[in-house]
Amino acid sequence: TNSSTVLAGGVSGGVWKSTDGGQTWSLKTAMNVPLSVTWIAQDTRSGQNNTWYYTTGEFSGNSTTDQGNTATFFGAGIYKSTDNGETWLFLSSTLDDDALTFSNQFDFLSKILVDPTNGNLYVTTNGFGILRSTNGGAGFSRILGDAGEQVWSDIAVSSDGKLLATLGEDVFNGPSTTPGVYRSTDS
């Protein structure tokens, strides 16, 4: 609601906030949490503008010119702010018990969106399809894709809540059973 306020994240730098249009920046994530920010989204519904989310975990290398998928940054789920990005809380529903093994749907998250009509969260993962939360991140369920089948997924939501999603084939383990483009008009 204020064009001078900007939030930005980096895959090795955490979440930063500027209140002067980008002239100065302050780090808003603690140094003891994963700093591998992959996507930031705001809840744009009226009265909810102070709520933000960010995802973690970079699956496909970084600026060091990844060769052979060796420059990944494991994530640690999803974080939420309800005070316009000043403080961030970990969503316990996205906990990974083994943060050093690619074994959990919250290890590598590439995108999070907030549906502007109802506040549903949509999360794209690397290797586990697309997830949805209907309760502000208290719980997630897989709505598209299969565990271990789609390395890449993506989703977009329009202002009227229509969804367009894609699932890629698993380039590491052979063909997936459900690659393609999907559309939904009912969340």
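What counts and how
- Residues numbered from 1 in each chain as written.
- Predicted model: local features only at pLDDT ≥ 70, side-chain atom pairs only at ≥ 80, totals over all residues.
- Heavy atoms only, no water.
- Pairing = 2+ DSSP bridges.
- Helix = DSSP H or I, 4+ residues; strand = E, 2+ residues; numbered from the N terminus.
- Axes fitted to C-alpha atoms, helices over the stretch in contact; angles between N-to-C directions.
- Core = buried A, V, L, I, M, F, W, Y, C linked by side-chain atoms within 4.5 Å.
- Buried < 20%, exposed > 50% of the residue type's maximum accessible area, 1.4 Å probe, protein only.
- Contact = heavy atoms within 4.5 Å.
- Salt bridge = Lys/Arg side-chain N within 4 Å of Asp/Glu carboxyl O.

Caption draft 1: Up close: the sheet that holds strand S10 (residues 130-133). In spatial order, the strands read S8-S9-S10-S11; together these 4 strands make up an open sheet with antiparallel pairing. Sheet topology places strand S8 (109-114) and strand S11 (141-144) at the edges, where each strand pairs with a single neighbour. Each strand axis lies, on average, 30° off the axis of its neighbour in the sheet, ignoring direction.

Caption draft 2: Highlighting the nonpolar core. Membership of the largest hydrophobic core is limited to 12 residues, which are Ala41, Tyr53, Ile78, Leu91, Phe106, Leu109, Ile112, Val114, Leu121, Val123, Leu131 and Phe140. Contributions of two or more residues to this core are made by S8 and strand S9 (121-125). With sequence-adjacent residues up to four places away left out, isoleucine 78 is seen in contact with Tyr53, Tyr54, Thr55, Leu89, Phe90, Leu91, Thr94, Phe106, Leu109, Ile112, Val123 and Phe140. Within the second largest apolar cluster, 8 residues are counted, among which are Leu113, Ile130, Ile155 and Ala165.

Caption draft 3: Geometry of the sheet that holds strand S4 (residues 37-42). Across the sheet, 4 strands lie side by side as S4-S5-S6-S7; this open sheet has antiparallel pairing. The sheet terminates laterally at S4 and strand S7 (89-90), the two strands that pair on one side only. Examined bridge by bridge, strand S6 (residues 78-81) and S7 share 2 bridges and lie antiparallel to one another. Paired with tyrosine 79 across the bridge in S7 is phenylalanine 90.

Caption draft 4: Molecular detail of the pattern of salt bridges. In total, this model carries 5 salt bridges according to the counting rule given. For the salt bridge of lysine 17 with glutamate 86, the shortest nitrogen-to-oxygen distance reads 2.9 Å. Taken together, the positions of lysine 17 in strand S2 (residues 14-18) and glutamate 86 in the loop between S6 and S7 put the pair 69 residues apart, joining distant regions of the chain. The exposure class assigned to lysine 17 is buried, which follows from its relative accessible area of 7%. You can call glutamate 86 partly exposed: its relative accessible area is 35%. For aspartate 154, the salt bridge goes to lysine 111, with nearest N and O atoms at 2.8 Å. With aspartate 154 in strand S12 (residues 153-157) and lysine 111 in strand S8, the pair connects residues that are 43 residues apart, well separated along the chain. Since its relative accessible area comes to 12%, lysine 111 is described here as buried. Put simply, Lys17, Lys28 and Glu86 are held in one network by salt bridges that share partners.

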